Structure formats: C-alpha cells, structure tokens
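Read off the chains here:
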Amino acid sequence: MSHVRTVLGDIRPEELGVCDAHDHLFLSSPQLPGQELNDLSAARAELAAFRAAGGAAVVQWTPYGMGRRAADLPELSRATGVRLVCATGLHQAAHYDPQLLDRLRGGGLAELFVSELTEGIGTTGVRAGLIKVAGGFHALDAHARRTMAAAAEAHHATGAPIAVHLELGTAALDVIDLLCGELGVPGDRVILGHLNRFPDPVVQRQAAASGCWLAFDGPSRAHHATDWRMPEAVRALADAGFGDRLLLGGDTVVSGARSVDGGPGMRHLLDRVRPRLAAELGAESADRILTEHPRRAFAVDWR
C-alpha cells in the first residue's frame, strides 16, 4: 500500500490535502549570505498563514547540509496542523564546503540517502520522504551526475521519488536522459522543478511526455520575469494532454520571500496562483493540481 512519508510518520495519500509541492521552511547556503531561512518563529508563522489560506501540507525540498532543521519539523507540524514532508539528497556543489563533499563521497552517498529515508535523519527520528538533487545551467557536471546516480540507487532501494532542481529551468532533457534512461528511474518517480523559469513549450511537452512530474514553482524572488507566463504554459500542457503531470509550489528560498517578512510567501500559492490557474483551466482542474497530483507524486510503496 502506498503512503506519503511525513515528519510525523507515514500517512495515506488522501490525507495529504491541499499541498504546496515545493517549498522551504529552512534553508542556508553560502550562495545566499544574509538571506537564510533559519528563524523558527517565522517558519511557524508562515505555516500558520498557509494553513489559514486553506493549505494542509508542504513538501520541503531542503536537502542534506543546507540547514533543514529536521529536529524542529515535527513540532512545527503539530503546532500548525500542516503536514510536512522532508528531503534528503544534495544540491549543487557550490552550496557546500568542498571538504564536506569529499567526506560524503567517500562515505557513500546512496547509503546516506537510504538511511535518511528509512531510519531517520541523524538522531531526530525524522525520516525523509523524497530525494532532492540538482542540475546545472544547461548541463550536468560531474557532481550532478554523481548525486543523481546515488539518488537513483536510493530510489531503487526504497521507492522514494526524486525531485530535481533545474537551474533556471534548464537541462530538463539531460536529466531525463540520465535518470530515466541510463539509470532506470520511472518517469512518474521524477519531479522536475523550475521548468516555468525556462518557458520553452517544446521542452516542456517533451519533459511531460517522459512521464515526469513538472513542478511549476515560485515566485520565490520578486519580479521574476517568467511568473506571468505560468498559467499560459500550464494551459498549453493541459491542452496537449499533459494536465495530469503538473504540480505547484511556492519555493520560498530567502527570508524576504516569506509572507511574514513582506514577500509573497506560501499563501501566495493559494491566494493568487490558484485563482489565476482556475481562470485558465477551471476550478476543478486547479484543485486537482493542488490535491490529487501531490498524492500521486509523493506516495510510495516503501521498500
């Protein structure tokens, strides 16, 4: 039987509810100095605002070594009533100390991912529910290929879905060739993030035809040049027969993007994005993207 693995334990997919399929409560990186998401009270307030707007679940894509604060997630979930899914995996090499990466590679990445998915993250007892990896700008470097190979191995051992950061939405087809082709991961176990940031309709249709999930996420940063094209792109994919491959997320990666700090935040997904999509697709289709689709994307027959 399939279950979604949350920080409070496994649940039936239908219990997930209205879901932000790609976001961050906590995130720290040397690439974003001074913009860290590391404030526990702000995270609680952001979740409460999302809950008040009708949200029920958030999938946090923050991977290993980027300040995900797994130990704090269960209490946040209990306090706000929002179900949380946590990630294992690795981001691009630029987000880590090179010595840490050397140690991880020497110790076995796949084993780390499997351990965090099945046993727990450190001593927290919190098990991850997905694997997060990342590509580069129009290419996959050696680090990306190494981490994706480890993610594929962990998927084959556990069944966990693999979520992929596409740098500015690029290299989607390279990721598909590697993960789904060479490494044998089924398309419906791969979630491609940020495709809205590279609004090439041909690439988007090709990616959808592979069976992968397409996560249209943002706006994480104000005035993103492609935000306004997202409803049009989603409508085009639906008209092409790929309306069942879509996910929505807020991808809040810097402190100023939180609604409690003056940004759009998680609730923007429900307050502003959902009505825009409903105008394009109809309310029923927009609601399916926020409820039925995450249930399918993150539900696993755990091994």
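Residues numbered from 1 in each chain as written. Predicted model: local features only at pLDDT ≥ 70, side-chain atom pairs only at ≥ 80, totals over all residues. Heavy atoms only, no water.

What is the right way to look at the overall build of the chain in this model?
A tally of regular secondary structure across the chain gives 11 helices and 11 strands. Taking 303 residues into account, the globule formula puts the C-alpha radius of gyration at 19 Å, and the chain, at 17 Å, falls close to it. Projected onto the principal axes, the alpha-carbon positions of the chain cover approximately 50 × 40 × 40 Å. The proportion of buried residues among the 303 residues of the chain is 55%. Look at the contacts in the chain between residues 6 or more apart in sequence, and 76% of them connect residues 24 or more apart. (Helix = DSSP H or I, 4+ residues; strand = E, 2+ residues; numbered from the N terminus. Rg over C-alpha atoms; globule rule 2.2 N^0.38 Å. Buried < 20%, exposed > 50% of the residue type's maximum accessible area, 1.4 Å probe, protein only. Contact = heavy atoms within 4.5 Å.)

I'm lost on the sheet that holds strand 6 (residues 87-89) in this one. Help?
Hydrogen bonds between backbone atoms are what pair the strands of a sheet, whose relative direction is either parallel or antiparallel. Pairing in this open sheet of 6 strands is parallel, and the strands run 6-7-8-9-10-11 from one edge to the other. Strands at the two margins of the open sheet, each flanked by one partner only, are strand 6 and strand 11 (246-249). Averaged over all neighbouring strand pairs, the angle between strand axes comes to 30°, with direction disregarded. With 3 bridges connecting them, strand 6 and strand 7 (residues 130-134) associate as parallel partners. When the bridges of strand 7 are listed, A87 appears paired with L130. (Pairing = 2+ DSSP bridges. Axes fitted to C-alpha atoms, helices over the stretch in contact; angles between N-to-C directions.)

Quick question: what am I supposed to make of the side chain of H24 here?
Following the sequence through the fold, H24 ends up in the loop between strand 3 (19-23) and helix 1 (40-52). H24 sits in the buried class, given a relative accessible area of 2%. Separated by 3.2 Å, the side chains of H24 and D251 make a polar contact. Discounting residues that sit within four places of it in the chain, H24 has contacts with L37, Q60, W61, T62, K132, D251, T252, V253 and M266. (Polar contact = N/O pair within 3.5 Å; in protein donor to acceptor, adjacent residues only side chain to side chain.)

How do you make sense of the packing of helix 5 (residues 142-158) against helix 6 (residues 172-182) when you look at a structure like this?
The contact between helix 5 and helix 6 brings their axes to 10 Å, and the two run at 40°. The angle between helix 5 and helix 6 falls in the class oblique. The two elements helix 5 and helix 6 meet at a crossing, and its hand is right-handed. Only V175, L178 and L179 of helix 6 make contact with helix 5, whose side of the interface consists of R145, M148 and A152. In the contact of helix 5 with helix 6, the residues fall into 5 nonpolar, no polar and 1 charged. (Parallel < 35°, antiparallel > 145°, perpendicular 65-115°, else oblique. Left-handed = near helix turned anticlockwise from the far one by under 90°. Nonpolar A, V, L, I, M, F, W, Y, C, P; charged D, E, K, R; others polar.)

Looking at this structure, how should I read the sheet that holds strand 3?
Pairing in this open sheet of 3 strands is parallel, and the strands run 3-4-5 from one edge to the other. Only two strands of the sheet have a single neighbouring strand rather than two, namely strand 3 and strand 5 (83-85). Going across the sheet, the axis of each strand differs from the next one's by a mean of 20°, ignoring polarity. Here strand 3 pairs with strand 4 (residues 57-60) via 3 bridges, running parallel. If you follow C19 over to strand 4, its bridge partner there is A57.

In this structure, what is going on with the environment of A57? I would like to understand it.
The topology assignment puts A57 in strand 4. Look at A57 and you get buried, because its relative accessible area is 1%. For the pair formed by A57 and L16, sequence separation is 41 residues and the distance between their alpha carbons is 6.1 Å. Non-local contacts of A57, meaning those with residues more than four positions away in its chain, are made with L16, V18, C19, D20, F50, V82 and R83.

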